[in-house]
Structures are given as structure tokens and as C-alpha cells.
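Here is how the chains run, residue by residue.
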Amino acid sequence: MTDQFQLTDDQLAIQEMARKFTADRITPFAAEWDEKHHYPVDVWKAAGELGFGAIYVAEESGGIGLGRLEAALIMEAMAYGCPATSAYISIHNMATWMIDRFGGAEIKARFLPDLVSMEKIASYCLTEPGSGSDAAALKTTARRDGDHYVLNGTKQFISGAGYNDIYVCMVRTGEEKSKGISCLVIEKDTPGLGFGAPEKKLGWNASPTAQVIFEDCRVPVENLVGAEGDGFRFAMAGLDGGRLNIGACSLGGAQRCLDEAITYTKDRQQFGQPIADFQNTQFTLADMATDLEAARALLYLAAAKVTANAPDKSRFSAMAKRLATDSGSKIVNDALQLFGGYGYLRDYPIERFWRDLRVHSILEGTNQVMRMIVGRDLLRQ
């Protein structure tokens, strides 16, 4: 077997570190976080000490400067304990990376040290009530007034809204659809910044979601990332990595449920034997494992392409996100069936993963939009 299809020693070490952190700090507590809708900020701080708040932020900015495959390995390992927590780490990384990649020296010096350490936690604000898949149709306005922008509008489905310290927001500074969008960094205590009530969700209960509301919110001009009109380009640049990460979260959740199902079916007796002895059970487990490995292989390949800036990176990211999130949800659903009635109880972790993974085929671009991206790219050739 060639090294091309194996993880390097460094990658294996990173994976092992993330797995150990998850086993110690996430897995034993995840059910309680889900039940009590607890946002585990203390765990973020501990993750920040390992560098997980700035996985692909440059080393000169204080990050650990790794590639997208390493990021995917970390997300996958953490999602084994709690997909909502792992996905949140992905969002913080995307916001922090955006400042590092596109911000000037001054804005980086002001915000990155606290974000890299996860002393402060970031939200990413693109979606609005009227613009989901059609992200460029966003309406939140930023009107220039002297050395400030005055913001008005609402952002929808924002993870960490009301809790987090920093909001990296896409706002409209001009009339043109995608070329009129700019990126601003907004601090939580800014006058005119408010938050909606926490949404009541099917899953992702360990990660609060709410509207972010701007009412004549005055943001200093020096909080602009890059140039006016470049925001949409930044948003799109961030999405390949975000899609890989959310796909990796589905892989981690699916792996956990496969492992739980193997243990359970060896233990559970019916008709005088363990249900693992029935061929139906073995076939179901075989399909779950095969689908998981196929999705994982495609996702790792896509991650390598994004790191290498390959010309087909966006197509592969979209393919990998679509496959990993669809496969992940199906694998968890199959695990729930193998558990029978017990799988439907909160005493076992399967139903939590079933709820948490369902949203992965919606966010970071719906799986229908993923197909659109892949189809367009194929027809362009």
C-alpha cells in the first residue's frame, strides 16, 4: 500500500490528541449538555489550549497552520463525542481563519490573539431570514457615516448568538448583488447589536442558535476585513473548508453509532442467540461500514485538494459534503433500527446523533445546492 492513502505520523498524532481530548472532555458529558441545552464554554477554552481554535490559521498569527485534512481529522474525532460541539469548533475556525486570511495587520493584531486561544469565541453571520441558499441576496445594510458603518438588518440561524464575543458578519455596503457585500468584525457589546430568543431546535442543543439583530449599530470602519465589496468572495472561500468540516462531523457521529451498534448487537439476545449472529444484522453492519469508509475516503481526498488549492477543490468539497452528510444520517438511522425500541430512548446515545446529524445536510449549503455546484462544474468542462 502506498503512503498516498495513509495518514502521516503527524496526522495520526493530531487525530490521537483530538480523540483523547474528546474521550476526556466531551463524550462523558454530551448527553447532559443536550438535555440541559448547555453551551460548554469551558471546554472551548481547553480546546483552545491545544490549538483547536486556530487549526488552519497561519503560525505567524499564532495558529497551528495545519491543512484541511488535519482539520477534518480533529472535527471527526470530536464529533464522536458530540457533533454539535465539534461543528461549533468548525464555525469558530472559519471566522478566525477569515480574519487571518483576508484582514490587514491592524485588525489581525486586535482580534486574533484572543480568538486563536479561544479566550474569545466567534460566530459567523451570513444567513438571513430571506436569504439562505441565495446567500448573495442578503439585505443587512452597512451605511458609511464618518469613521463608522451604521448597520440595520437581521441575521438568522447564528450559532452562539448572544453568548459569543465576536461576530464576523457579511453586510451590504453597495447595490450590486454579490459585489456589494463586505465583511465586518463586530464585538458583542457594540451599541445597537441585539439578539433574538434562542431557537427551539430538533438537535444541536449544546450549541445555542438565535437571530443577530442590528438596529443603527455603529461599527468602526477599521473593523472592515479586506476591502469594501470583497465580502462575498471571502464567504465563498470559507465554504469549502466549512463543508469538509461538517462532513467530517457526520463521519465522526456515524462512526460512534456504528461502534455502539456492534457492541449492542453482540450483547442483545433474541431467539436464544445474540442478534449479531443473524445474517441480517451482519449485512446491515457491513453496509454501514462500507458506506462510512467510502464517504471518509472522498472527504479526505477533497480535504487534500482544498489544502493544495486544486482547481477542482470546490466540486470535490461539495461531493464530499453531500455524500458524508447523507451517508452519516443513514448510518445513524440504521444503528437506531438495530437498537430497536432502546434506540428510541434517551438512555442510549443513538437518538441524539440521529437528531444532531439531521441538520448537516442543510447547513454549509444544502445538499441540493451541493448537487447544483457539482452539476454546473461537470457541464463547464
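Not measured: the values here are computed from a predicted model.

Q: Can you help me understand the overall build of the protein in this one?
A: Secondary structure summary: the protein contains eleven helices and ten strands in total. Relative to its length of 381 residues, the protein is compact, with a C-alpha radius of gyration of 21 Å against a globular reference of 21 Å. Over its C-alpha atoms, taken along the principal directions, the protein stretches across nearly 80 × 45 × 35 Å. Counting every position in the protein, which comprises 381 residues, the buried fraction comes to 53%. Carbon and sulfur atoms make up 52% of the accessible area of the protein, which amounts to about 17000 Å² in all.

Q: Please explain the state of the cysteines as it appears in this structure.
A: Working definition of a disulfide: a covalent bond connecting the sulfur atoms of two cysteines. Counted by the stated rule, this structure contains zero disulfides. Between cysteine 125, a free cysteine, and cysteine 169, which holds the nearest cysteine sulfur, the sulfur-to-sulfur gap is 3.5 Å. Between cysteine 257, a cysteine without a disulfide, and cysteine 82, which holds the nearest cysteine sulfur, the sulfur-to-sulfur distance is 12 Å.

Q: Is there a simple way to think about the packing of helix α4 (residues 68–79) against helix α8 (residues 279–308) in this case?
A: If you want to describe how two helices pack, look at the angle between their axes and the distance between the axes. The N-to-C vectors of α4 and α8 enclose an angle of 140 degrees; their axes lie 7 Å apart at closest approach. Here α4 is positioned oblique relative to α8, judged by the angle of their axes. Across from Arg68, Leu69, Ala72, Leu73 and Glu76 in α4, the residues of α8 making contact are Arg296, Leu299, Tyr300, Ala303, Val306 and Thr307.

Q: Help me understand the packing of aromatic side chains in this model?
A: Ring pairs (aromatic) are described by centroid distance and by the angle formed between their planes. This structure, assessed with the given rule, holds 15 aromatic pairs. Taking the centre distance of 6.4 Å and the plane angle of 75 degrees together, the rings of tyrosine 56 and tryptophan 97 count as edge-to-face. Within this pair, whereas tyrosine 56 is found in the loop between α3 (41–49) and α4, its partner tryptophan 97 is found in helix α5 (residues 83–102), the two being separated by 41 residues in sequence. Exposure class is identical for tyrosine 56 and tryptophan 97. Each is buried. Clustering of aromatic rings is evident, with ring pairs tying together Tyr39, Trp44, Tyr88 and Tyr163. Directly above the aromatic system of tyrosine 56 lies the positively charged group of arginine 68, at a separation of 3.6 Å from the ring centroid. A cation over a ring is seen here: arginine 144 above tyrosine 149, with NZ or CZ 5.8 Å from the ring centre.

Q: Just checking my understanding: could you explain the side chain of arginine 256 for this structure?
A: Note that arginine 256 resides in helix α7 (residues 231–267). Ignoring any residue separated from it by four or fewer positions in sequence, one finds arginine 256 in contact with Thr27, Tyr80, Gly81, Pro349, Arg352 and Phe353.

Q: Is there a simple way to think about the pairing of strand β7 (residues 209–220) in this case?
A: One ladder, built from ten bridges, connects strand β3 (residues 148–159) with β7; its direction is antiparallel. Within β7, the position partnered with leucine 151 by the bridge is cysteine 217. Where strand β6 (residues 193–195) lies against β7, three bridges are found, and the strand directions are antiparallel. For glycine 194, the partnering residue across the bridge sits in β7 and is isoleucine 213.

Q: What's the story with the environment of arginine 110 in this structure? I'm lost.
A: Secondary-structure assignment places arginine 110 in helix α6 (residues 105–116). For arginine 110, a relative accessible area of 35% gives the class partly exposed. Separated by 169 residues in sequence, arginine 110 and glutamine 279 place their C-alpha atoms 60 Å apart. Residues contacting arginine 110, with those up to four places away along its chain left out, are Glu222 and Asn223.

Q: Any chance you could explain the nonpolar core here in plain terms?
A: It is characteristic of soluble globular proteins that their nonpolar side chains tend to be buried jointly. Met98, Ile99, Tyr124, Val168, Met170, Met288 and Leu299 are the most contacted members of the largest nonpolar core, which has 95 residues in total. Beyond its immediate chain neighbours, meaning those up to four positions away, methionine 170 contacts Met98, Tyr124, Cys125, Leu126, Leu138, Lys155, Ile181, Ser182, Cys183, Gly231, Phe234 and Ala235.

Rules and cut-offs
- Residues numbered from 1 in each chain as written.
- Predicted model: local features only at pLDDT ≥ 70, side-chain atom pairs only at ≥ 80, totals over all residues.
- Heavy atoms only, no water.
- Helix = DSSP H or I, 4+ residues; strand = E, 2+ residues; numbered from the N terminus.
- Rg over C-alpha atoms; globule rule 2.2 N^0.38 Å.
- Buried < 20%, exposed > 50% of the residue type's maximum accessible area, 1.4 Å probe, protein only.
- Areas by Shrake-Rupley, 256 points an atom, 1.4 Å probe, with all protein chains shown as cover.
- Disulfide = S-S within 2.5 Å.
- Axes fitted to C-alpha atoms, helices over the stretch in contact; angles between N-to-C directions.
- Parallel < 35°, antiparallel > 145°, perpendicular 65-115°, else oblique.
- Contact = heavy atoms within 4.5 Å.
- Phe/Tyr/Trp six-rings, centres within 6.5 Å; stacked < 30°, edge-to-face > 60°.
- Lys NZ or Arg CZ within 6 Å of the ring centre and 35° of its normal.
- Pairing = 2+ DSSP bridges.
- Core = buried A, V, L, I, M, F, W, Y, C linked by side-chain atoms within 4.5 Å.

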